[in-house]
Every structure is written in structure tokens, then in C-alpha cells.
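Observations on the model geometry
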Amino acid sequence: MATLPSSQTDIELPATQQPVDVARARSPRRPATWVLSIITVVVAVQLLHLLLTNPNFEWDVVAQYLNSETVLQGVVMTLFLTVTAMTIGLVLGGILAVCRLSDNALLRALASSYIWFFRGTPQLVQLIFWFNIGLLVPVLSIGIPFGPTFASIESNTLVTPLLAAIVGLGLHDAAYQAEIYRAGLISVDEGQLEAAKALGMKPVRVFFRIQLPQAMRFIVPPTFNSIIALVKGTSLVSVIGGAELLFSVKEIYSQTYQTVPLLIVASIWYLFITTVLNGVQFFIERHYGRGSSRNGASSLVVRFLDRRAAERNLNRGMES
Amino acid sequence: MTPPVLRISGLRKQFSGVEVLKGIDLEVHVGETVAILGSSGSGKSTLLRCVNCLEVPSGGSIWLGDELMGYRQESGGTVRRLTESQIAVQRRKVGMVFQNFNLFPHWTVLQNIADGPRSILKLSKAEAIERSMTLLTRVGLADRANAYPRQLSGGQQQRVAIARALALEPAVLLFDEPTSALDPENVGEVTDVMAALAASGATMLVVTHELGFARAAADRVVFMDGGVILEQGTPTEVFDYSQEPRTREFMRKTLV
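A quick note: this is a predicted structure, and the numbers were derived from the prediction, not measured. (Residues numbered from 1 in each chain as written. Chains lettered and ligands numbered in written order. Predicted model: local features only at pLDDT ≥ 70, side-chain atom pairs only at ≥ 80, totals over all residues.)

1. A closer look at the overall build of chain B
- The helix and strand tally for chain B stands at nine helices and 12 strands.
- Against the compact-globule benchmark of 18 Å for 256 residues, chain B has a radius of gyration of 18 Å, which places it among compact chains.
- In terms of its C-alpha atoms, chain B occupies a principal-axis envelope of roughly 55 × 50 × 40 Å.
- Buried residues in chain B amount to 45% of all 256 residues. (Helix = DSSP H or I, 4+ residues; strand = E, 2+ residues; numbered from the N terminus. Rg over C-alpha atoms; globule rule 2.2 N^0.38 Å. Buried ≥ 20, exposed ≤ 12 C-beta atoms within 10 Å, placed from the backbone.)

2. Things to note about the pairing of strand β1 (residues 4-15) of chain B
Residue and element names in this part refer to chain B.
- Where β1 and strand β2 (residues 18-29) come together, nine bridges link them in antiparallel fashion. From the neighbouring strand, R7 faces β2, where its bridge partner is E27.
- A loop of two residues connects β1 with β2, the two strands running antiparallel in sequence, and S16 in this loop sits at a positive phi of about 40°.
- Note that β1 and strand β4 (residues 59-64) share five bridges and pair antiparallel. Bridged to I8 within β4 is I62. (Pairing = 2+ DSSP bridges.)

3. Describing the sheet that holds β2(B)
Residue and element names in this part refer to chain B.
- The strand order across the open sheet formed by four strands is β2-β1-β4-β5, and the pairing between neighbours is antiparallel. Strand pairing shows two members of the sheet lacking a second neighbour, β2 and β5 (67-68), which therefore form its edges.
- Along the sheet, helix α1 (residues 44-51) makes contact with β1, β2 and β4, crossing β1 at roughly 120°. (Contact = placed C-beta atoms within 7 Å. Axes fitted to C-alpha atoms, helices over the stretch in contact; angles between N-to-C directions.)

4. Observations concerning the sheet that holds strand β10 (residues 204-207) of chain B
All names here are of chain B.
- What the six strands build is an open sheet, ordered β8-β9-β10-β3-β11-β12; its pairing is mixed. At either margin of the open sheet sits one strand with a lone partner, and together these are β8 (94-97) and β12 (228-233). Sheet twist, expressed as the mean angle between neighbouring strand axes with direction ignored, is 20°.
- Two strands pair when backbone bridges link them, and strand β9 (residues 172-176) and β10 are joined in this way by four bridges, in the parallel orientation. Following the sheet pairing, F175 is matched in β10 by V206.

5. Some remarks on the packing of helix α5 (residues 123-131) of chain A against helix α8 (residues 161-186) of chain A
All names here are of chain A.
- As a packed pair, α5 and α8 sit with axes 8 Å apart at the nearest point and diverge in direction by 140°. Between α5 and α8, the angle is such that the two are oblique. The two elements α5 and α8 cross, and the hand of that crossing is right-handed. Residue-level contacts link Q123, Q126, L127, W130 and F131 of α5 to P161, A164, A165, V167, G168 and H172 of α8.
- For the contact of α5 with α8, a count of residues per class yields seven nonpolar, four polar and no charged. (Parallel < 35°, antiparallel > 145°, perpendicular 65-115°, else oblique. Left-handed = near helix turned anticlockwise from the far one by under 90°. Nonpolar A, V, L, I, M, F, W, Y, C, P; charged D, E, K, R; others polar.)

6. Some thoughts on the interface of chain B and chain A
- With 22 residues of chain B in contact, the opposing surface of chain A contributes 19 residues.
- The biggest single contributor to the side of chain B that touches chain A is helix α2 (residues 84-91) of chain B, with five residues.

7. Overview of the pairing of β12(B)
Residues and elements named next belong to chain B.
- Direction of pairing for strand β11 (residues 220-225) relative to β12: antiparallel, over a ladder of five bridges. Each residue of the ladder has a partner; that of V222, found in β12, is Q232.
- Where β11 folds back on β12, the antiparallel hairpin that results is connected by two residues, among which G226 adopts a positive phi of roughly 60°.

What follows is the structure in C-alpha cells.
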């Protein structure tokens, strides 16, 4: 057997020079993967067995209440609270983010103080606080500051659990959303803004046509994170008597004592809502991912959808 | 000679106390191509960026035709800085090509070029597309109109960026080291487009390290060093017969 002369390591030459083609090579053996797969299957079967055979889940009760009127009203209230608080959060958060990035020191200070306060106190405390605003300001009135008033209303009449919930959830969400926007906006390359300015675009146009669309790629994932957190956060409203999903199932199990099945009912609905949101996120991310990579998308589903879209465009082009 | 389209007088610029431009006087005439050379830190890019107000000068003045860039003279002699929106209107007469292309990645090549004519010059959609396609043909990329910038090579992106700057029919074109971010094999395609542009009578101010381009395409070469213009003249005067030791040293080091 010949060896190569080498100052460092001697390399053995193959004994025979049989031609070898690696094209049909098999995958390496991975015993650990097999063991792990078997354990996973066993645990999964066990879990399924538990779910199906443990009578304490009371699946018949779950089925009975899943579509009951009280639960559905709770679902509708949870969705309503989510949408209104989210809208306040998205709009007010946007204004706060723009203020924090503004050249105006007063606007910057105002936005920073807002975020400091609403991010720095617990959401539950804020909800209870808004619900009890009447203790701090018994009468709300509209008028000239330190002058005559035109109209006034008692706080306790105005601030229902619903209003307290919307305000409490929305203002808290805005503080977080502002930082999400800001993170996205400052991640856009300075050169992009300079190029837009050099083309003679005015500041508003630079913001909406160049900076924001590119920032969206970084804004969308954490925004859905916070929307999903908001869906679940609405359950805090049960504390101040807002009749959302958790409040509704609590109302039922406080009478029937079927705690576990009704909490499962609530969980199923929360999971359903967040699953739908996951789907929406997928499509929004795909929209803002345009031009972000050399080869287009990566996942199988995205590649399939993109091929469909490309075929549609082609067909449209041939018609016209 | 025609009157200068761009007149820079006594231009000064400081960055946190450090003086980068120490009084620049430079005139550019219609149809002229001026190449600005100098080692890094000599202030060439800052000079260019002051022209379209991407930097705020510390002193001096820049006139584009009869307009004072970035400022307005009020009755009584007060000079007042313009708002960003007013500056945006002035910038439409100045095109700029950046070192890193800075094409908008979320828009196709065609959208990148057609947006200016469409939204700023208010052309119809058909006119904007027609103008864009003409320009793309001129830079040899008509077949890539629907590609996204990241799908193009650096040289192709820079040619698109040139077409985008031309789409607004600017009075002056600024090039900030347009080939410095390119692979050596892609430099030629960009300098060829620029040389053709210079030959067609465009008014260009080009900061570059491509001495070959400067010698072949520039009408005048300006050599900057330490924030001042050390000398200027025809390419032959500056490249071959410079009396300034600093210029000669730069040429010797760069040409090797």
C-alpha cells in the first residue's frame, strides 16, 4: 500500500481504483431519530388515550355547551373586544411611533411618557382602574379649560364594563404596538430613504410608499403575536364583569360545577380564533415579502400558491 | 461658454466639529461632465450630498440655475431654510445615483423607474411606462422590466438606478461612487452607460475611483484633498501634467 509523502499527515490511497458513483448513495443510519420517533408515537397515543377515556373531561358536556347561546355570546364579545382594542392599538400605536421618531422634541417626550406609563403598569390594574375611574373623576365635562362647561356626565354612568374594557385593552395595546412599529421603521435602510428623497418625494410619500411597506415585513410577525396575546388578554375583562368568553363559561360552571369541560369549551374557541389569525398572518406576510429574496418563497405551500399566481398573471397577460 | 447650471461658492461643512469641506468653489456648465477624484475622507461624497440637500451645509451657497438649494431669500435679506417638502420640489431637478444602488426592493424594475414620472411629473400611466421602457432599452435591460431588484446583478441594478434618475429628466445628474460596490467584471457595463450619457450631452457630477472613466469621459477633472479643491483642469492637465505633489502621489498609488 502506497503512502503519500507528507510533512503532516500521511494519507492512505485506496487499494483498488474501482469507479464509485455517489448518485445512488443511501441516507446515513440515524438510530437516535428512530428511538425518538417511537417515544413520540407512544406518548402521543397515551395522550390520545387519556383524552378519550378519562371520564373527567366530560366530552358530552363539552359538546353540549360548545354551541350554547351563552358561550356564543361570549365568543362574540371576545371578538368584538379584540377588534375594537386592536383598532385603537394599531391606529394610536402608529401615531405614537411616528411621534417617537419625529424631529419635534415635545412629540417625542409625549409619546415616550405614554409608552413608559402604559407599558410599565399591569394590564389588569389598568382595566380595574378604568372601571373605577369614577372614584378619581366623578364627573366628566366638556367646556373651556378653567372656564364654563357645556355638557357633563357622571363617570359611573358613562364608563360601563364594556367601555372600560375597550379603553383599558386598547390604550395598553397601543403602547406595545408603538414599539413594534418603531422597530420596523428603524430597520429600513437609511439609503432607501435617501434614494426616495433624492427622487423628490415629499416626506409623507417617503413614509407611506417606501419606509412603511418595507418596515411591514418586520412589523407583521410581532403584531400578530400581540393580536393573539390580545385575544387571550380579553379574558382579563371577566374580572370587571365584561361578559366575554371566559366570563360566560364561568357563569355556567359556577352553577353546574362542570369546571373542566367548560374550560375546555373556552380553550377550543380561543384556539379556533388564534388558528384563523395564524392563517391571516400567513397571507399578509406573503404579500409584504414581495421582492425580499432572490428565489421567491421558501415553504412548499408558498411555492404552490406562487406558482398558481404566476399562472394567473400569465393567463391575464395572454388575454389582453 | 454657457452660464453655469450649478454654482457652488464657499461651501463649508462640519460634522460634530470636524471640518469636512473647507470652502469649495465649483461651477458646472450645461452638458459638462465633471469627475471628482480624491482619497477617501477628502470630502467628495459630502460635497455631492450637499448639492441635493441630503446634507445641510454649514456655510456657503449652492445655486442650481436661479434657485438657492435648500434656502430662500426673503425681502430684507433674511435667508430662511426651506421645509423638507419644499426641498423635495427642488430635488426633482437633481438626479442621484448611489454607491449601493438603493433601488426599492418591494417594487419591480418598472415600478422603480415609472413611479417618479407617474407621481411627481404626473404623466399618464401609459406615458410613464413608455418613458420607463425607453430608458430601460437605453441601459440594455428592457427584458428585466418585471424583475425585482434583488433578482438582478449589481451592475444591472446600477443601470436601473441610472434609468430611474434619468426618468425625471433632471438638470444635473450626481453619481456617488457608482461602481465602488460592483464586482470588477460589472464595472464596465455601468461606466459604458455613463460614458454614453456624458457623450449625449447630460450634465454630470461624478465622484469616482475609476480613473479610466474620468480620463475618457470627463470634460474636467477636479482633485480634492482634505476638504478643499487642490486643482482642476482637463483630464490631460490633471492626469499627465499635474504640478501638485499630492495629486501626483494619488495618481501613482491609484494607477498601480
